[in-house]
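Structural features, examined
Spelled out, the chains give:
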Amino acid sequence: MADLPKDLLTEIKSLEEAFTVDTTKLKQITKHFVSELEKGLSVEGGSIPMNPTWVMDFPDGYETGTYLALDMGGTNLRVCEITLTNNKSEFDIVQSKYRMPEELKTGHSEELWEYIADCLQQFVETQRSDKAPVQGKIPLGFTFSYPATQNYIDEGILQRWTKGFDIDGVEGENVVPMLDAALAQRGVPIVVSALINDTTGTLIASAYTDPKMKIGCIFGTGCNAAYMEHCGSIPKLAHMNLPADMPMAINCEWGAFDNEHKILPRTKYDIIIDKESPRPGQQAFEKCIAGLYLGEIFRLIMVDLHDNKDVHIFEGQDIKHLRKPYTLDASFLSAIEDDPFENLQETADLFKDKLQLTCTQPELELIRRAAELIGTRAARLSACGVAAICTKKNLQPCHVGADGSVFNKYPHFKARGAQALREILDWPAKSNASEEDPVEILAAEDGSGVGAALIAALTLKRFSKGDVAGILHPENFNVAQVHFDDLGVYIITNFTIGAEAVEKAEDAALIKHRRDIFREEGAKLAVILPEGIEINGVIQLALF
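Each value, and the rule that gives it
Residues numbered from 1 in each chain as written. Predicted model: local features only at pLDDT ≥ 70, side-chain atom pairs only at ≥ 80, totals over all residues. Heavy atoms only, no water. 1 Å grid on protein atoms, 1.4 Å probe; cavity = no way out; pocket = protein on both sides within 12 Å on 5 of 7 lines; lining within 4 Å. Points joined across faces, edges and corners; volume = space filled by probe spheres on them. Helix = DSSP H or I, 4+ residues; strand = E, 2+ residues; numbered from the N terminus. Nonpolar A, V, L, I, M, F, W, Y, C, P; charged D, E, K, R; others polar. Phe/Tyr/Trp six-rings, centres within 6.5 Å; stacked < 30°, edge-to-face > 60°. Buried < 20%, exposed > 50% of the residue type's maximum accessible area, 1.4 Å probe, protein only. Polar contact = N/O pair within 3.5 Å; in protein donor to acceptor, adjacent residues only side chain to side chain. Contact = heavy atoms within 4.5 Å. Pairing = 2+ DSSP bridges. Axes fitted to C-alpha atoms, helices over the stretch in contact; angles between N-to-C directions. Left-handed = near helix turned anticlockwise from the far one by under 90°. Expected span 1.5 Å × (residues − 1). Arc of directions from axis to C-beta. Salt bridge = Lys/Arg side-chain N within 4 Å of Asp/Glu carboxyl O.

1. Digging into empty space enclosed by the protein
Applying the stated rule across the entire model yields four cavities of 30 Å³ or more. Roughly 80 Å³ of volume is contained in the largest cavity. Lining the largest cavity are 13 residues; nearest its centre among them are Ser145, Lys163, Cys223, Asn224 and Glu253. Taken together, the elements giving at least two residues each to the lining of the largest cavity come down to helix 5 (198-209) and strand 10 (223-230). Residues belonging to the lining of the largest cavity are distributed by class as follows: three nonpolar, six polar and four charged.

Structure below.
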């Protein structure tokens, strides 16, 4: 880098000063983060919403059943059929992906829900074509990865759009009836049983296979975290008189951290991104670290350096393609940082193919350094949120399950984040390289698919024990109540009975004893048990 022209060297040093976050600053940000997490749980609330999710336990690995899951992300729609098997912590999954059209993100509300209903209908017709006809409605876990208030697990009132969405008529409204209506209009036999945030799903899915998992994170198009809090530490739920030691998964929505711009080290490029975004003044943390914005930060730097008369970058070339906002995404930066060649030939090819720009060798060096600075800052700032939750809950040691395109695909993101955690939390040097850090950030399980299924299963499990806290429509769980009558027959009610239901009832795990005879009696299914079998009270039989 010593051979670079003086003007480019000066600009690189300027960028390093703007984007480098030292240890002292990381600790200051983390301390403020802890106080903001606390504020979000208070009655008054704060910038970080800290939304209770009504997911009220970790899985034990023995959950069973078959469920549909819909994941509405920023880029794709994904529909899954998940079967939680009888083997501990094992599942089978069938899935299809559908592209989320860009025009829907700023279109009309009805168009969005109609498109989603069409995708679900297509999936059901394709994937279930060789299976028995559906009796009643199929329960759906809806992964809705946007800030939402949940007074119930089967409700979600959108607080604000993120990830580039800006659709009128949805904010402040419950999205579940909107999707249910679109499904009903098409006659699709699906009902939303649980609304789930992908981050909460990531937490639960990861804990299903690894009991050490205590935090779920997303580092992708957006950013977020979820963890398990005690109800006694959630003042804004005090009016519900829930047991103080009852667990409650909290969907932090920490992309809104520091909306007041008190602590994050913002550059002039961050300020431009915020000002020109659909929602200025919102999602301050997300705009510094999320995949949606990393490429745009880089693009703004390149345009700024070209337009600066003192810096000769892309001299004599038309940068019209570079001037288009959001034309570059995080994968563009990933490719630059992943370039294995000393002469950065892949980066040169990338600029030529994508932007029709020919780069000199000094320009390629500047481009590489700018990408490194943006990616490193994102990873180090991300670690502040993880450190804040670990500090608040005293979670060392623990595992953190992380998902998202930036975490999974961006070069060095994991190592940079781990180094930042070491600096913030003052860990001693490792005695050997294979030793685990006190907080390990690991690749998560499928939160939006398997997590959604598990949350539906956990909700059903506690409902079966008579715990209906946070359940608005228990009828959507297709739960049958089994009552004892004077003739020694257990009568199953509250379910539309058909041949498939009888077959599934024979395999149902929640009744442990073998049934000798099943027979249909109109809208009831009578179960005759062998003599000597006693089951006290009302039990629940899941018929999925």
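2. Brief notes about the packing of aromatic side chains
Counted according to the given criterion, the structure contains 21 aromatic pairs. On the basis of an interplanar angle of 20° and a centroid distance of 5.1 Å, the ring pair of Trp161 and Phe165 is categorised as stacked. Note on accessibility: Trp161 and Phe165 belong to one class, buried. On the numbers, 6.1 Å between centres and 50° between planes, the contact of Phe298 with Phe332 is tilted. With a gap of 34 residues between them, Phe298 in helix 8 (residues 291-307) and Phe332 in helix 9 (residues 330-338) connect regions that are remote in the sequence.

3. Looking at the side chain of Glu253
Looking at the element boundaries, Glu253 is found in the loop between strand 11 (247-251) and helix 6 (268-276). Side-chain polar atoms of Glu253 contact the side chain of Asn251, separated by 3.0 Å. Apart from the residues within four sequence positions on either side, Glu253 is in contact with Ile48, Pro49, Asn51, Tyr146, Pro147, Asn197, Asn224 and Ala225.

4. Quick notes on the sheet that holds strand 2 (residues 65-72)
Read across the open sheet, the five strands follow the order 4-3-2-5-8; overall the sheet is mixed. This sheet does not close on itself; its edge strands, each paired only once, are strand 4 (91-99) and strand 8 (190-196). Ignoring which end each strand starts from, the neighbouring axes of this sheet average 25° apart. When strand 3 (residues 76-84) meets strand 4, the two strands line up antiparallel, connected through nine bridges. Note that in strand 4 the partner of Asn76 across the bridge is Arg99. In the packing of helix 3 (residues 109-127) onto the sheet, contacts are made with strand 2, strand 3, strand 4, strand 5 (138-144) and strand 8, and the angle to strand 4 comes to roughly 135°. Here helix 4 (residues 175-186) sits on the sheet in contact with strand 2, strand 5 and strand 8, set at roughly 155° to strand 8.

5. Brief notes about the pairing of strand 11
Of all five residues making up strand 11, four are buried, and the element is well covered by its neighbours. Examined bridge by bridge, strand 1 (residues 51-52) and strand 11 share two bridges and lie antiparallel to one another. Bridge pairing in strand 11 places Pro52 opposite Ile250. Note that strand 10 and strand 11 share five bridges and pair antiparallel. Across the sheet, Glu229 pairs through a bridge with Met248, a residue of strand 11.

6. Side note on the packing of helix 6 against helix 8
At a minimum axis distance of 10 Å, the contact between helix 6 and helix 8 shows a crossing angle of 115°. The interaxial crossing formed by helix 6 with helix 8 has right-handed handedness. Residues Lys268, Tyr269, Asp270, Ile272 and Ile273 of helix 6 form the contact with helix 8, whose participating residues are Tyr293, Glu296, Ile297, Leu300, Ile301 and Asp304. Looking at the contact of helix 6 with helix 8, its residues break down into seven nonpolar, no polar and four charged.

7. Quick look at helix 3
Across its 19 residues, helix 3 extends 27 Å between first and last C-alpha, which sits within 8% of the 27 Å expected from 1.5 Å per residue. When helix 3 is considered as a whole, its buried residues turn out to be Ser109, Leu112, Trp113, Ile116, Ala117, Cys119, Leu120, Phe123 and Val124. The buried residues of helix 3 occupy one face: seen down the axis, they fall within an arc of 155°. Away from its buried face by more than 90 degrees, helix 3 exposes Glu110 and Glu125.

8. So, the pattern of salt bridges
Under the criterion given, the structure shown has 25 salt bridges. For Asp270, the salt bridge goes to Arg377, with nearest N and O atoms at 2.7 Å. Placement of Asp270 in helix 6 and of Arg377 in helix 11 (residues 361-393) is noted, with a sequence separation of 107 residues between them. With respect to class, Asp270 is no different from Arg377; both count as buried. The partner of Asp437 in a salt bridge is Lys430, and the shortest N-O contact between them spans 3.5 Å. A relative accessible area of 9% places Asp437 in the buried class. Linked by salt bridges that have partners in common, Glu16, Arg368, Arg369 and Glu372 make up one network.

9. Points about the pairing of strand 12 (residues 398-403)
Counting buried positions along strand 12 yields five of six residues, so the element is predominantly enclosed. Sheet topology places strand 12 next to strand 13 (residues 439-443); five bridges connect them, and they run parallel. Counterpart to Val400 in the pairing with strand 13 is Ile441.

10. Some words on unusual backbone geometry
Here Gln396 and Pro397 are connected by a cis peptide whose omega angle stands at 0°. Within the secondary structure layout, Pro397 lies in the loop between helix 11 and strand 12. Backbone geometry places Gln356, a non-glycine residue, at a positive phi of 55°. Positionally, Gln356 belongs in the loop between helix 10 (345-355) and helix 11. The class for Gln356 is partly exposed, based on a relative accessible area of 40%. The phi dihedral of Asp426 falls on the positive side, at around 55°, and the residue is not glycine. By secondary structure assignment, the location of Asp426 is in the loop between helix 13 (413-425) and strand 13.

Structural measurements only, silent on function.
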